[in-house]
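Read off the chains here:
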Amino acid sequence: MTAVGLADPAGPSSDGAGSPACVVELTGIWRTYGVEPPVHALRAVDLVIAQGDWLAIVGPSGSGKSTLLNVIGLLDRPTAGTYRLEGIDVEGYDDLARAGLRGRHIGFVFQSFHLLPHRSILENVMLAELYRGEPRAGRRQRAAAALERVGLARRAEFPPSRLSGGERQRAAIARALLGKPSLLLCDEPTGNLDSRSSAGVLELLSELSADGLTLAVITHDEHVAGFASRRVRMVDGSLSVER
Amino acid sequence: MNGRDLFDECVGTLFGRPGRSGLTTLGTVIGVGALVATLGLSKTAGNQIVGRFDQLAATDVMVTPKTSGSGRLVTSLPWDSEARVRRLNGVTTAGTLSDVDLKGQLVGGVPVQDPRGQSRFRLPVKAASPGLFEAVRATVATGRLPDIGHSTRADRVAVVGPTAAERLHLTRLDRQPAIFIGDRLYLVIGILDDVERQPGLLDAVVIPEGTAAREFGLVAPGALQVETRIGASALIAEQVPVALSPSEPSLLKVVAPPEPRRVRVGIESDLNSLFLLLGGLSVLVGAIGIANVTLVSVLERVGEIGLRRSLGAARRHIAAQFLAESTTQGLLGGILGASLGVVVVVVVSASRSWTPVLEPWVPLAAPFLGGATGLLAGLYPSIRAASLEPADALRATL
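Note that the structure is a prediction, hence the values are computed from the model and not measured.

Peer 1: Help me understand the overall build of chain B in this model?
Peer 2: Of regular secondary structure, chain B possesses 13 helices and 12 strands. Per-residue burial over chain B gives 43% buried out of 398 residues. The contacts of chain B with a sequence gap of at least 6 include a subset with a gap of at least 24, amounting to 83%.

Peer 1: Hey, could you run me through the interface of chain B and chain A in this one?
Peer 2: Note: interface size is frequently given as the accessible area lost on complex formation between the parts. The interface is formed by 23 residues belonging to chain B together with 27 residues belonging to chain A. Looking at the side of chain B that touches chain A, the elements that each hand over two or more residues are helix 1 (3–16), helix 10 (302–310), helix 11 (315–351) and helix 13 (390–393) of chain B. In terms of residue count, helix 10 of chain B provides more of the side of chain B that touches chain A than any other element does, five residues in total. Considering only residue class, the side of chain B that touches chain A consists of nine nonpolar, seven polar and seven charged.

Peer 1: Before we go on, may I ask you to explain the environment of A:Ala225 in this structure?
Peer 2: Residues and elements named next belong to chain A. Tracing the backbone through its elements, the reader meets alanine 225 in helix 7 (residues 222–225). Considered as a pair, alanine 225 and tryptophan 54 are 171 residues apart in the sequence and their alpha carbons are 9.7 Å apart. If we ignore the near neighbours within four places in the chain, the residues touching alanine 225 are Ala56, Val58, Thr219 and Arg231.

Peer 1: Teacher, can you tell me more about the sheet that holds strand 1 (residues 22–33) of chain A here?
Peer 2: Residue and element names in this part refer to chain A. Reading across from one edge, 2-1-4-5 is the order of the four strands in this open sheet, with antiparallel pairing throughout. What marks the edges here is a single partner per strand, and that holds for strand 2 (39–50) and strand 5 (88–89). By the bridge criterion, eight bridges tie strand 1 to strand 2 in an arrangement that is antiparallel. Across the sheet, residue threonine 32 finds its bridge partner in strand 2, namely histidine 40.

Peer 1: Help me out: how do you make sense of helix 7 (residues 209–216) of chain B in this one?
Peer 2: Residues and elements named next belong to chain B. Of the positions making up helix 7, those classed as buried are Glu209, Gly210, Thr211 and Ala212. Buried residues along helix 7 sit against strand 2 (91–99), strand 5 (125–128), helix 5 (148–153) and strand 10 (205–208). Phi for glycine 217, located one or two positions after helix 7, is positive at around 70°.

Peer 1: Could you clarify how one ought to interpret unusual backbone geometry in this entry?
Peer 2: What is expected of a backbone is that most residues other than glycine have negative phi and most peptide bonds are trans. Look at the link from A:Glu36 to A:Pro37: it is a cis peptide, with omega at -15°. Within the secondary structure, A:Pro37 is located in the loop between strand 1 and strand 2. Even without being a glycine, B:Ala154 presents a positive backbone phi close to 55°. With respect to the helices and strands, the residue B:Ala154 is situated in the loop between helix 5 and strand 7 (157–160).

Peer 1: Before we go on, may I ask you to explain the nonpolar core in this structure?
Peer 2: A general feature of soluble globular proteins is that nonpolar side chains tend to end up buried together. A:Ile57, A:Val125, A:Leu147 and A:Ala174 are the most contacted members of the largest nonpolar core, which has 89 residues in total. When residues in this core are grouped by element, the largest group, seven residues, is from strand 2 of chain A. Beyond its immediate sequence surroundings of up to four residues, A:Ile57 is in contact with A:Lys65, A:Leu68, A:Ala216, A:Val217, A:Ile218, A:Val232 and A:Met234. Counting 49 residues, the second-largest nonpolar core is a separate cluster that includes B:Val85, B:Phe133, B:Leu201 and B:Val254.

Peer 1: Would you mind going over the sheet that holds strand 10 (residues 238–241) of chain A with me for this structure?
Peer 2: Pairing between the strands of a sheet is mediated by backbone hydrogen bonds and can be parallel or antiparallel. Residues and elements named next belong to chain A. Strands sit in the order 6-7-8-3-9-10 across an open sheet of six strands; the sheet is mixed. Sheet topology places strand 6 (106–109) and strand 10 at the edges, where each strand pairs with a single neighbour. Strand-to-strand twist across the sheet, computed as the mean angle between neighbouring axes with direction ignored, equals 20°.

Peer 1: Would you mind going over the pairing of strand 6 of chain A with me for this structure?
Peer 2: Here is the key point about a regular strand: its side chains alternate between the two faces of the sheet. Residue and element names in this part refer to chain A. A two-sided burial pattern is seen for strand 6, the buried positions comprising Ile106 and Phe108 on one face and Gly107 and Val109 on the other. Bridging between strand 6 and strand 7 (residues 183–187) involves four bridges; their strand directions are parallel. Its bridge partner being in strand 7, glycine 107 is matched across the sheet by leucine 184.

Peer 1: What exactly am I supposed to notice about the packing of helix 5 (residues 165–177) of chain A against helix 6 (residues 195–210) of chain A here?
Peer 2: Helix-helix packing is described using two parameters, namely the angle between the two axes and the distance between the axes. Residue and element names in this part refer to chain A. Orientation of helix 5 relative to helix 6, taken along the N-to-C sense of each, is 20°, at an axis distance of 8 Å. On the basis of their axis angle, the class for helix 5 and helix 6 is roughly parallel. As for the relative orientation of helix 5 and helix 6, their crossing is right-handed in sense. On helix 6, the residues that touch Gly165, Gly166, Gln169, Arg170 and Ile173 of helix 5 are Ser197, Gly200, Val201 and Leu204.

Peer 1: Hey, could you run me through the confidence of the model for chain B in this one?
Peer 2: In low-pLDDT segments, the atomic positions of the prediction should not be examined closely. Model confidence for chain B is summarised by a mean pLDDT of 85, while 92% of its residues fall at 70 or above. Confidence metrics for the complex model read pTM 0.66 and ipTM 0.88.

Peer 1: Help me understand the packing of helix 11 of chain B against helix 12 (residues 361–386) of chain B, please; the structure alone is not making it clear to me.
Peer 2: Residues and elements named next belong to chain B. Packing of helix 11 against helix 12 brings their axes to within 6 Å, and their N-to-C directions diverge by 150°. Our classification of the angle between helix 11 and helix 12 gives roughly antiparallel. Considering the relative orientation of helix 11 and helix 12, their crossing is right-handed. Its residues assigned to classes, the contact of helix 11 with helix 12 shows 19 nonpolar, 15 polar and three charged.

Peer 1: Can you walk me through the environment of A:Pro159 in this structure?
Peer 2: Here A:Pro159 is to be found in the loop between helix 4 (139–149) and helix 5. What makes A:Pro159 partly exposed here is the crowd of 17 C-beta atoms within 10 Å.

Reading the values: rules and limits
- Residues numbered from 1 in each chain as written.
- Chains lettered and ligands numbered in written order.
- Predicted model: local features only at pLDDT ≥ 70, side-chain atom pairs only at ≥ 80, totals over all residues.
- Helix = DSSP H or I, 4+ residues; strand = E, 2+ residues; numbered from the N terminus.
- Buried ≥ 20, exposed ≤ 12 C-beta atoms within 10 Å, placed from the backbone.
- Contact = placed C-beta atoms within 7 Å.
- Nonpolar A, V, L, I, M, F, W, Y, C, P; charged D, E, K, R; others polar.
- Pairing = 2+ DSSP bridges.
- Core = buried A, V, L, I, M, F, W, Y, C linked by C-beta atoms within 7 Å.
- Axes fitted to C-alpha atoms, helices over the stretch in contact; angles between N-to-C directions.
- Parallel < 35°, antiparallel > 145°, perpendicular 65-115°, else oblique.
- Left-handed = near helix turned anticlockwise from the far one by under 90°.
- pLDDT = per-residue confidence, 0-100.

See the structure below:
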């Protein structure tokens, strides 16, 4: 049961200007499934992700990486502990409020891209604004700009099936970037990609990080973890600092 | 997420997989179509039954003088009844008809020496104004009908009904046969083929009114037969007594057809209950189809549900989306079904030369029925979709 305190405001962060605000602050988070016997997916996890951080979460499969990501992404509720997102204690928030926070503050990138097969790439990106209460006017332009940012402007009207894996993941990143989230959560973003596509996606993530975006990336690929400014390891639901 | 967004998502999903959406909608299309078609056809068929009855009966008005308690006539029809009534708007034709009292005299053909055969009969003789033949829709087997000239000149001519003609051995007119009424000879100018009203004419000898007045002392026409335009009978029945007897209209007895409405209602309720049951069953089957496919589609789209939750969709957004999709499918099915039903009613009517009749609210309400069907059918699947845990849902791939 290793609690890793990284709440030190002067902790390692790529953004050295002043004291960075905390985007994510987990304190004593437990996530337990079942009753007899209970399975502890997360054991007293403490974690701080500061603004501009690029955090890599590594560990073997079944170690609780995905559960941690789900808790951070407000997709799952911790059994115990306190979670502050952008300084807001989300304890007691109902489904609608959590969904609103999730939509506004967190962008997700999945291993299998999660692009709707019967929509064009542009429409897939536009989906990101749907539940956020943004005006419809200019949505297409904003989505096109996001695609431009990831270098897919010329693929906008294609269906996902006509894109390569790397392009699909870049489209998914464009969708996650729409609306400027506080935090980009990536679950094995290169897990389904060959090494060349992986390099492209990692380069894109590096650029975004350099622009000040906060990133948390789950991976079991040491090469991918190497790009991060900070790295933590999950083992059996507990977190330990790697470096 | 506003209504427009919801609508766009709905359209995007339904038209993203047109084949599946079409097949899902088909159930509702058939159900609602069957309902609209059965309602329309029962209405159409009911109207045809009444319509056939209408054509003859609903245009038939008979006027006779009332009789007092002792059987004596209290008034009489004027000689110019026909002309007076024809002036009324709604009357297509009219004519007077009277029984001629022969005072025991018999009617006979030209005497033939036949010991077994009878040559003189007690046949009814009737007097008719020239317009009567049109008013009873008489058709002529051979010869012609008397005109106004025969009546004014009181010519001794006669038209014979087919049964009477047979008894008098009259078959052809080219040798100008004549018959005796009493002891006066009458030239037969025509033999009737059929009449649609006053079937008593078929076994009678009909002579012009003027002739009856001079030869047999007919004092006034006995009855007035009026044919009206369809729908005008009630009005004409009201106006005719005033036209004929302005001083005492109540002394005339008018027989007009009953309002056909009640007949119509009776026929419809019988047919409708059966047809409605069938149509309702088809809609139910359509609803089960939508529910089934929506449920399957929820299970298939678990990954999409997870993605939408990750993009900030709350449970209610997911529920709303699936409900909107099933409702839209129902609505589309309703619209297509209503159109199909109307086409069926028109085609069936055309093939039977019927007049298609459809209550206007039926095709207008049908889309709403379809929408309600879709809404109900989508209820359970959308609850299932909304209750999925986002973390679990995201484990599925798209």
